[in-house]
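Analysis of the macromolecular model
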Amino acid sequence: MKTVLITGGSTGIGAGIVKEFSKAGYSVIFTYKNHKNEAELLAKEYGARAFFCDITKMEDINTLKEKANCVDIVINNAGISDIKMCSLINEDDWDNIVNTNLKGAFFISKAFIQGMINKSFGRIIFIGSMWGISGASCEVHYSAAKAGLTGLTKSLAKELGPSGITVNLIAPGIIDTEMNKNIDPSVLNELVSSCPVSRLGKPEDIANLALFLASDNSSFITGTVIPVDGGYTI
Ligand code: NDP
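The present account deals with the structure reproduced in this document. (Residues numbered from 1 in each chain as written. Predicted model: local features only at pLDDT ≥ 70, side-chain atom pairs only at ≥ 80, totals over all residues. Heavy atoms only, no water.)

So, about the site of the ligand. Around the ligand, the surrounding shell holds 31 residues, and the nearest of these are Asn34, His35, Asn77, Tyr142 and Thr177. Between glycine 8 and the ligand, the recorded distance is 3.1 Å, taken from a backbone N or O atom to an oxygen atom. Contacts to the ligand include asparagine 77, whose backbone N or O atom sits 2.7 Å from an oxygen atom. Relative to its free-state accessible area of 890 Å², the ligand is covered by the protein chains to the extent of 94%. Counting residues per element, the ones that place at least two in the shell around the ligand are α1 (12-23) and α6 (140-160). Taken together, the residues of the shell around the ligand break down into twelve nonpolar, 16 polar and three charged. (Near = heavy atom within 4 Å. Polar contact = N/O pair within 3.5 Å; in protein donor to acceptor, adjacent residues only side chain to side chain. Areas by Shrake-Rupley, 256 points an atom, 1.4 Å probe, with all protein chains shown as cover. Helix = DSSP H or I, 4+ residues; strand = E, 2+ residues; numbered from the N terminus. Nonpolar A, V, L, I, M, F, W, Y, C, P; charged D, E, K, R; others polar.)

Listed in full, the buried residues belonging to helix α7 (residues 185-193) are Leu188, Leu191 and Val192. An end-on view of α7 places all buried positions within 100° of arc, on one side of the element. When the buried face of α7 is taken as reference, the exposed residues oriented beyond 90 degrees from it are Asn189, Glu190 and Ser193. As for α7, its buried residues are in contact with α5 (131-134). (Buried < 20%, exposed > 50% of the residue type's maximum accessible area, 1.4 Å probe, protein only. Arc of directions from axis to C-beta. Contact = heavy atoms within 4.5 Å.)

Moving on, we get to the pattern of salt bridges. In this structure the tally under the stated criterion is eight salt bridges. Across the salt bridge formed by glutamate 40 and lysine 36, the nearest N and O atoms sit 3.5 Å from each other. In this pair, glutamate 40 and lysine 36 are both assigned in helix α2 (residues 36-46), four residues apart and thus about one turn of the helix distant. The exposure class of glutamate 40 is partly exposed, given its relative accessible area of 40%. Look at lysine 36 and you get partly exposed, because its relative accessible area is 43%. Ionic pairing is found between glutamate 178 and lysine 181, a salt bridge with its closest N-O pair at 4.0 Å. The same class applies to glutamate 178 and to lysine 181, which are both exposed. (Salt bridge = Lys/Arg side-chain N within 4 Å of Asp/Glu carboxyl O.)

Below, the discussion takes up the pairing of strand β2 (residues 27-32). Consecutive side chains of a regular strand alternate in pointing toward one face of the sheet and then the other. Counting buried residues in β2 gives six out of six residues, a clear majority hidden from the surface. Burial of the side chains of β2 extends over both faces: Ser27, Ile29 and Thr31 are buried on one face and Val28, Phe30 and Tyr32 on the other. As paired elements, strand β1 (residues 3-6) and β2 share four bridges and run parallel to each other. Residue pairing for β2: threonine 3 is matched across the bridge by serine 27. Between β1 and its parallel partner β2, the chain crosses via α1, and the hand of that crossover is right-handed. The pairing of β2 with strand β3 (residues 49-52) spans four bridges and is parallel. Bridge pairing in β3 places isoleucine 29 opposite arginine 49. (Pairing = 2+ DSSP bridges. Right-handed = clockwise from strand over helix to strand, strands pointing away.)

A separate point is unusual backbone geometry. Note: most peptide bonds trans; most residues except glycine with negative phi. Of note, cysteine 138 is a non-glycine position whose phi angle comes to about 65°, a positive value. By secondary structure assignment, the location of cysteine 138 is in the loop between α5 and α6. In this model, serine 198 sits at a positive phi of 55°, which is unusual for a non-glycine residue. Secondary-structure assignment places serine 198 in the loop between α7 and α8 (203-214).

Read across the open sheet, the seven strands follow the order β3-β2-β1-β4-β5-β6-β7; overall the sheet is parallel. Strand pairing shows two members of the sheet lacking a second neighbour, β3 and β7 (225-228), which therefore form its edges. This sheet shows a mean twist of 20° between the axes of neighbouring strands, independent of strand direction. Bridge count for strand β5 (residues 122-127) against strand β6 (residues 165-172) is six bridges, and the pairing is parallel. Pairing of glycine 122 across the sheet is with isoleucine 165, part of β6. Here α6 sits on the sheet and contacts β5, β6 and β7; the angle it forms with β6, its principal contact strand, is near 160°. (Axes fitted to C-alpha atoms, helices over the stretch in contact; angles between N-to-C directions.)

This is the structure in structure tokens:
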């Protein structure tokens, strides 16, 4: 049985990935930061293991590495967004967004790469964003961090391919989660009407592609950036 580690599995897309991988028979480990109760309930219901980890803190990553030991698949899902004009973004805002979405994703991956190399098998999946492809007004720091994940994906894919490890990025469109709860409904409606399939995405839409990328059937796919956005970025 293969073991998958999902960061930010307590809510939203991450929780969707936890559910689908558990149903597919993987041994599932996931992390949470603030939503401890939700994480514990989800872990109990799906027979998964939940660990606290703030991915911006190296000591938390080191503790997680000891607890999780060897994992076959890492899904870097944990992330935060922040909507404000570029003139209002201060250094703390920048560091917070970049340290969570980009730096944390790298150091989580790094913690488990040697174990994958030892087994000559591994899958690293980053959850980026369509804004990392097209750029979003009033989300400069978020878009830059998510675009940075593309460089990370392609570099790691080249470096780790010879060791049997593939590295890919899923770029979601607008997915119906807590992250979008503060977006004005009229703005959400406009986004939906600009989307060819005319709906918000669901966490399962992302989980289904993650399942394929984690499987043996995807072994010739690496270094890719795959939008799951209902055609929004066409
Ligand atoms: P949620 O806010 O529902 O979930 C975010 C998850 O990340 C939570 O589990 C949260 O843990 C975790 N997290 C946040 N900060 C940290 C941290 N410092 N350390 C560890 N975990 C952390 O959002 P979504 O499910 O929507 O987002 C999941 C991913 O998908 C993110 O990377 C996001 O950027 C990306 N995405 C989302 C889109 C959308 O429309 N929803 C669109 C494009 C990309 P906890 O709650 O326990 O604190």
